Structure formats: C-alpha cells, structure tokens
Amino acid sequence: MVELSPEDRGMIEEMIEHITEHDTLMNGWSSERTCTPHLEDKVAGDAEKFRNLLLEGKLRNSGEAYVVFSRQVDMVQVQEERRGIRKAAFAFGADDGGAIQNGADRGASDVSPEFVLITSTQAEPEKGADRGASDVSPEFVLITSTQAEPASIRFYEYAVSKAVSNWNNNVKMPIRMIIYIGLYTVAAQLFYSSMVRPWQDNLIEGAEGSGAVNLIGKLVILFNFAIQTMVMIDVEHFGKFKYLADVDQRTFLWNTLLLVITNLYLMMQECYRSSLRWNIMPPDLAKHPEAWWEWRRTWFQATKVEGEVAERLAALMSEQIMMLYIIGEVANVIAPVAFYWFALRAIFVWNLGGDNSRVQRLLRSMLPEHGGEDKSPRVTARVAERAQILVPLLLWMEYTYIVVFAWMALFTLFLATDEGSAVCRLLVGFSVIFYIWQRYVMLWLYGKATYDTEKSYQAFIRVWGCVISILPPVAVWWSYRLGDIKEESFTYMVMAMIFALAALIYLYGLWTIEWFVGSRYDSVDDFVGGKDPGYTEVMESECYSWWNTNPVYVLKSRFCPEQPGYEVHRPEAQELLWPERQRRKGFFELGKFFRHEDKESWMQKHSMSPLGRGIWPTHSEEPF
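Basis of the calculations
Residues numbered from 1 in each chain as written. Predicted model: local features only at pLDDT ≥ 70, side-chain atom pairs only at ≥ 80, totals over all residues. Heavy atoms only, no water. Helix = DSSP H or I, 4+ residues; strand = E, 2+ residues; numbered from the N terminus. Buried < 20%, exposed > 50% of the residue type's maximum accessible area, 1.4 Å probe, protein only. Contact = heavy atoms within 4.5 Å. Areas by Shrake-Rupley, 256 points an atom, 1.4 Å probe, with all protein chains shown as cover. Salt bridge = Lys/Arg side-chain N within 4 Å of Asp/Glu carboxyl O. Phe/Tyr/Trp six-rings, centres within 6.5 Å; stacked < 30°, edge-to-face > 60°. Core = buried A, V, L, I, M, F, W, Y, C linked by side-chain atoms within 4.5 Å. pLDDT = per-residue confidence, 0-100. Expected span 1.5 Å × (residues − 1). Bend = angle between axes of the 7 residues up to and from the residue. Axes fitted to C-alpha atoms, helices over the stretch in contact; angles between N-to-C directions. Parallel < 35°, antiparallel > 145°, perpendicular 65-115°, else oblique. Left-handed = near helix turned anticlockwise from the far one by under 90°. Nonpolar A, V, L, I, M, F, W, Y, C, P; charged D, E, K, R; others polar. Polar contact = N/O pair within 3.5 Å; in protein donor to acceptor, adjacent residues only side chain to side chain. Patch = residues over 30% accessible without salt bridge, like charges linked within 9 Å, V, L, I, M, F, W, Y side chains within 5 Å.

(A) Local environment of the overall build of the protein. Across its full length, the protein holds 19 helices and four strands. Looking at the protein as a whole, 45% of its 624 residues are labelled buried. Counting contacts in the protein only where the partners sit at least 6 residues apart, residues at least 24 apart contribute 77% of the total. Accessible area of the protein: about 33,000 Å², with a carbon and sulfur share of 60%.

(B) Representation of the pattern of salt bridges. Under the definition given, this model contains 15 salt bridges. Between Asp 8 and Lys 58 there is a salt bridge, with its nearest N and O atoms 3.4 Å apart. Residue Asp 8 is located in helix H1 (residues 6-26), and its partner Lys 58 is located in the loop between helix H2 (39-55) and strand S1 (64-68); the two are separated by 50 residues in the primary sequence. Owing to a relative accessible area of 30%, Lys 58 belongs among the partly exposed residues under this scheme. With its nearest N and O atoms 2.8 Å apart, the salt bridge here joins Arg 584 to Asp 23. With Arg 584 in the loop between helix H17 (571-574) and helix H18 (599-605) and Asp 23 in helix H1, this residue pair connects regions lying 561 residues apart in the sequence. Using a relative accessible area of 3% as the deciding quantity, one classes Asp 23 as buried. Overlapping salt bridges bring together Glu 17, Arg 382, Glu 385, Glu 589, Lys 592 and Arg 595 as one network.

(C) View of the packing of aromatic side chains. Considering all chains together, one arrives at 24 aromatic pairs under this definition. Measuring from ring centre to ring centre gives 6.5 Å for Phe 252 and Phe 460, while their planes differ by 65°; the resulting arrangement is edge-to-face. Of this pair, Phe 252 sits in helix H6 (residues 244-271) while Phe 460 sits in helix H12 (residues 455-468), placing them 208 residues apart in sequence. Residue classification places Phe 252 among the buried positions, given a relative accessible area of 1%.

(D) Highlighting the nonpolar core. Core analysis: the biggest nonpolar cluster contains 78 residues, and Val 231, Val 235, Phe 252, Tyr 401, Phe 405 and Met 408 have the highest contact counts within it. At 13 residues, helix H10 (residues 395-411) tops the list of elements feeding residues into this core. With near-sequence residues (within four places) excluded, Phe 405 lies in contact with Met 317, Gln 320, Ile 321, Tyr 325, Leu 427 and Phe 430. In this structure, Met 15, Ala 159, Met 539 and Cys 560 belong to the second largest nonpolar core, which totals 37 residues.

(E) Summary view of the environment of Ala 47. Among the structural elements, Ala 47 can be located in helix H2. Between the C-alpha atom of Ala 47 and that of Leu 555, which follows or precedes it by 508 residues, the distance is 8.2 Å.

(F) Focus on the confidence of the model for the protein. Confidence in the prediction of the protein, expressed as mean pLDDT, is 75, and 81% of residues score 70 or more. Confidence over residues 92-136 falls short of pLDDT 50; this stretch has 111 contacts with residues more than four positions distant or in other chains.

(G) Quick look at helix H7 (residues 289-348). For H7, spanning 60 residues, the distance from its first C-alpha to its last is 82 Å, which sits close to the expected 88 Å at 1.5 Å a residue. Its axis deflected by about 50° at Thr 298, H7 carries its strongest bend there.

(H) Spotlight on the packing of H6 against H10. With their axes 9 Å apart at the nearest point, H6 and H10 run at an angle of 25° to one another. Judged on the interaxial angle alone, H10 and H6 are roughly parallel. At the point where H6 passes H10, the crossing takes the right-handed sense. Residues Asp 248, Thr 251, Phe 252, Asn 255, Thr 256, Leu 259, Val 260, Asn 263, Leu 264, Met 267, Met 268 and Cys 271 of H6 touch H10, and the partners they reach there are Trp 396, Tyr 399, Thr 400, Tyr 401, Val 403, Val 404, Trp 407, Met 408 and Phe 411. For the contact of H6 with H10, the per-class residue count stands at 15 nonpolar, five polar and one charged.

(I) Focus on unusual backbone geometry. Positive phi values are uncommon outside glycine, yet His 38 reaches one of about 55°. Judged by relative accessible area, which is 62%, His 38 ranks as exposed. For Lys 585, which is not glycine, the phi torsion reads 55° and is therefore positive. In this structure, Lys 585 sits in the loop between H17 and H18. Looking at Lys 585, the relative accessible area reads 17%, which means it is buried.

(J) Main features of the side chain of Gln 582. Residue placement: Gln 582 occurs in the loop between H17 and H18. There is a polar contact of 2.7 Å between the side chain of Gln 582 and the backbone oxygen of Cys 543. Those residues in contact with Gln 582 that sit more than four places away from it in its chain are Cys 543, Asn 548, Phe 588 and His 596.

(K) Representation of the environment of Ala 44. Inspection of the secondary structure puts Ala 44 in helix H2. The sequence separation of Ala 44 and His 18 amounts to 26 residues, and the corresponding C-alpha distance is 10.0 Å.

(L) A look at a nonpolar patch on the surface. There is a patch of nonpolar side chains on the surface, built from Trp 341, Phe 342, Phe 348, Val 349, Trp 350, Leu 352 and Val 359 and spanning about 700 Å² of accessible area. It is H7 that contributes the most residues to the nonpolar patch, three residues altogether. On the secondary structure map, Trp 341 appears in helix H7. We classify Trp 341 as partly exposed; its relative accessible area is 39%.

(M) Quick peek at the packing of H1 against H2. Contact pair H1 / H2: the axes reach a minimum separation of 10 Å and the direction vectors enclose 140°. By the angle class used here, H1 and H2 are oblique. In the crossing of H1 with H2, the sense of the turn from one axis to the other is left-handed. Across the interface between the two elements, Asp 8, Met 11, Ile 12, Met 15, His 18, Glu 21, His 22, Leu 25 and Met 26 from H1 touch Leu 39, Glu 40, Lys 42, Val 43, Asp 46, Lys 49, Phe 50 and Leu 53 from H2. Residues that form the contact of H1 with H2 fall into these classes: nine nonpolar, two polar and six charged.

Structure follows, in structure tokens:
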C-alpha cells in the first residue's frame, strides 16, 4: 500500500467494522435492533468504495509476501541452505513452477506456524535485454525470517514509507521523549523546591508526615504514570512499526529510560543536601587543623542526615511500587472498562438525563468508535462490545518495573545505612505481588494477546546488564569515600568507565552464549508426540491465519475477489486460508473467535463449559 491518508484509512477501518458487525448479525450473535441502522446498505456501498480505492491506486502491493511451509523442518532447512530462492518455487500446484500471478496462490495446502518474509529483489536481465527497463520481473527473491505471528502484524503500517518511519523514530520521537522528561523534571523541581527543600535546608523533621507534602508527592507520581501512558501512545501511533514486537521493544526501552531518569532526579534531590558529607575520612589534623575541627563538629549531623536520606530512598521506592505498579496496573486494567461500564448503563439502564440529552451525548462521545465518518447516534451492540474489551497484556511494562525497582534498590549501596533490610523486604514484597499478579490476576483482568517474538525479552535481558553493572562502580565510590581515591572528578570518570566495561562484559557474555547455544528459532520445536501438527491444524485450533487478520485481503475477498489486476486466491485455495468453522471468511479479532461461528452450533458445542452456561443465555434472549 502507498501511504494512506487519514480519511482513506478511516474508510477501510469503517468497512471492516461493517462486515464484522454484519457477520455477527448473520451468525445470530446480535439482532437488527442492536446493529448499525441500514447495515445492509452500508455494506453494499462499501464494495463500491473499496473498488474505487483499488482502481485509484491508493492500495498497492507492499513488495513483500509471506510464504507458509508445510512443516517447520522445511522452513529451517530452507533458511539454512538458501539465501534466496526462485520465485517459481512458490507457485501453487505448479509442476516446474511458474511465476506467481497477482500475488495469488502463494500458500501451500498444508502450512506451519513458522513464517518467512519474501522480499522481492530485481533479477539480472537476460543478455540483449534493455538493462534500463524498470519492469524487469524478478526471478529470485530474498528470504528472511520475521519470527512473527499473523495477529502481530500491523498491516496498516505497511503503507508508511521507510523514510517517514525513520524520521518518526530517530528524530521526532526522541524530541518528544526529551519534552516528556523535561515536563516531569519541571513538576518534580517545583515540588521539591517549594514543599520539601525548605524542611531540609532548615533541618526540620516531619516533611514526610505533612499531609500537603504527601498529597502533592502522590500527584507528582501520578503525573509520571500519565507520562508513561503518553510514551506508550506515542510509540504505538507515531512509531509506524510493522510488527507488535518492535512496538513492545521500543516502548520498553523508552519507558525504562524515562523512569530511570525521572527516579534518578528524585533520588538526587534527596541525596544532595548541604549537610551531607560524601568523603567520610577526616582531613589531616597537622596540615588542615581548621578543616579537621569542622569535620569533627559536623560529623554527627552528617551521619544523621545520611541515615535520613537512606530512609527517604526506601520510602521513595515504596511509593513507586505502590503508586506505579499496584495502583497504576490496577487502574490501567480496570479504569477504562469500569468507566465504559458506567457510561453504557447510564445510557441504556438508567437513561441518565433523558433521551438525547447533553449528558447522554457526552457519554456517547466518550465511548470507543471506529474510524470513518459514520457516527451513529445510538450505541450499537458493536460499540458496547468494543467498550468492554479488556486491555491487552503489556509485557514491556512488567519488564520495565523489574529493571527500575531493582536499580533503585541497588542505588542504596552508595550510602552508609542500615536500611538494607528494609529495601530487601520491599523487593521480596514486590516479588510476591509480582508473582501473584502475573500468575493469577492477569488471567482474568487482561485481554487476550498473541505471542510475537523474543525481541522484547532480548531487550530486557540486555538492559538488565545495565542494572547489575552498577555493582562494580559501587566499589570505586566507596574507595573515594574511604580516602583511597582523592579526586572527586577522577572518581566519577573511573565509575563511568567501570560501568561501561561491566556492561560490555555482560553483553559479550550473552553473545557468546547465543553463539554457542543458538536461538530457539534456529531449530524445530519439540512437538507433543514428536510430530509436527502442520499449519492447518494450528490454524484450526487458534482460529486465525495470515489471511483473516489482513484487513485489505479480507475486503478484497469479500467485495472484489476477481477484480482484474487485484485477484485473490482461487476458490479452491480460499478454502485453505480460513479455519473450517469460519464459513463467512470474515475479519478475525483476538478473543472474539466465537463470532465467526453460528450461535446455535457454538452454544451446543460449549453448552457444558462455564463460558457457554454463564455468559450467553440458552433461550431467545438477546446476548447484548
């Protein structure tokens, strides 16, 4: 696809919403009373709109194709033996091959859950041919592995050019992140300078017990959480990444950097007090008698202040765990669904404010809507469904908190304190909460997500090296505090060099292990019974494929399957691209697999399960 305008993209999203709602109606999961008005007419009009988009050249091939192999072992063998392969090898049902026409028939009859990205490369023209011609048909294609799943592809982002994507990711996004960090720094600086620093400068105790200080401090932390949300939205919507793995990886890196910098600023505010003494060794009495007496006079006060700083750092870590992880995670999961739950019942059950009142119009405007200009004045079953969809699992957020909280705990090693046991208790408490949340709560409060690749975990493992690399600089710091190193600036330089060296040793160690052991993607999975079930069986069990998650392919199959120049697979091949139960060949959404089956057959199949007994009625009631 070429780069779509917001209007064209909204039009495509609206078409997908219409056929999704229409399939739900045809399969008996909703009624005409709860659907968009004149839905049949809108679907018929979408066919002409979509055909015009194709003929106007606004939807074009991306130059990449996904080829599915019968078994994983075939894919691994091709990857190990070949850099490129003849395009004719992928022709459907051909004896000696033959060029793939119009992108059709790329799939095989049996396919596997591993995929290969085929990027077209221009072949060398034959002798005597016009080498300046631009329409040379490539004979060979380049094979690279994406390690991606169908539901993890962001098909709309294929319309974005590489230049635009690089500009957004390498220029605009760093600028926006610097602005976010600056906003939080300003907020934290105003808080400390006006509400905390006066207590510290005058050596007055009790700042942490002041109600006003505590209230504003909590608001500053919530502001930090709001900035994290903006970072997440920026990366997802402005990054223009084609794969969810890249979105998760980049969000993890930016969000971790944001939290490290902002928390480092807070800890520096606590540490740098006028009465705190970093060099704890006394000056030479014979050479500097006045400095020695000054050190002796302020030693007790400096020791007491350092203990208070350690207590404040432990309290800061406790606040971060409570506000960012516990309250933040719960709010991130429950708040959107709870608000939409209230809005739907205020409109339908309580009729708050009366029909078409200003209150109801406001609540309707806050409900999630699909793209396009079709804004129905009534809340349909589809809109109500979208309002109750749970937030998907954000694995990058869990990785971020592991890194940040462990790093904050290690930071206390730079101080002379007995708060180590308190910090350890906080880490143990966080680990217990983390385990319970991950093991039990997430299964019920997070929406279904698809496993993408190991990129997010690899990014976390590499960033974790920066956490444990703090330990060697701690030794250098204490050498300075004990007088073994005299110059403060030299100390900071050595600490930076030692930190970088430790991080490099860690990274090279990881690369050595990966080189020796290899990635799990370089070999065949361990199948139950030792037999590869094949892609067809996987597709039937997971209910999605490369085709029913591609919005443009679904629209082509539905509206213009035989449009000259834009044909889809032949009818016999089409039967292999959707799970057998999805007879209408609609667009798949994670967690909504039931909508593709007839309601009566689905209820009979699942009548004995808790889902079938507890969610939808077994009589003629409407499900919405």
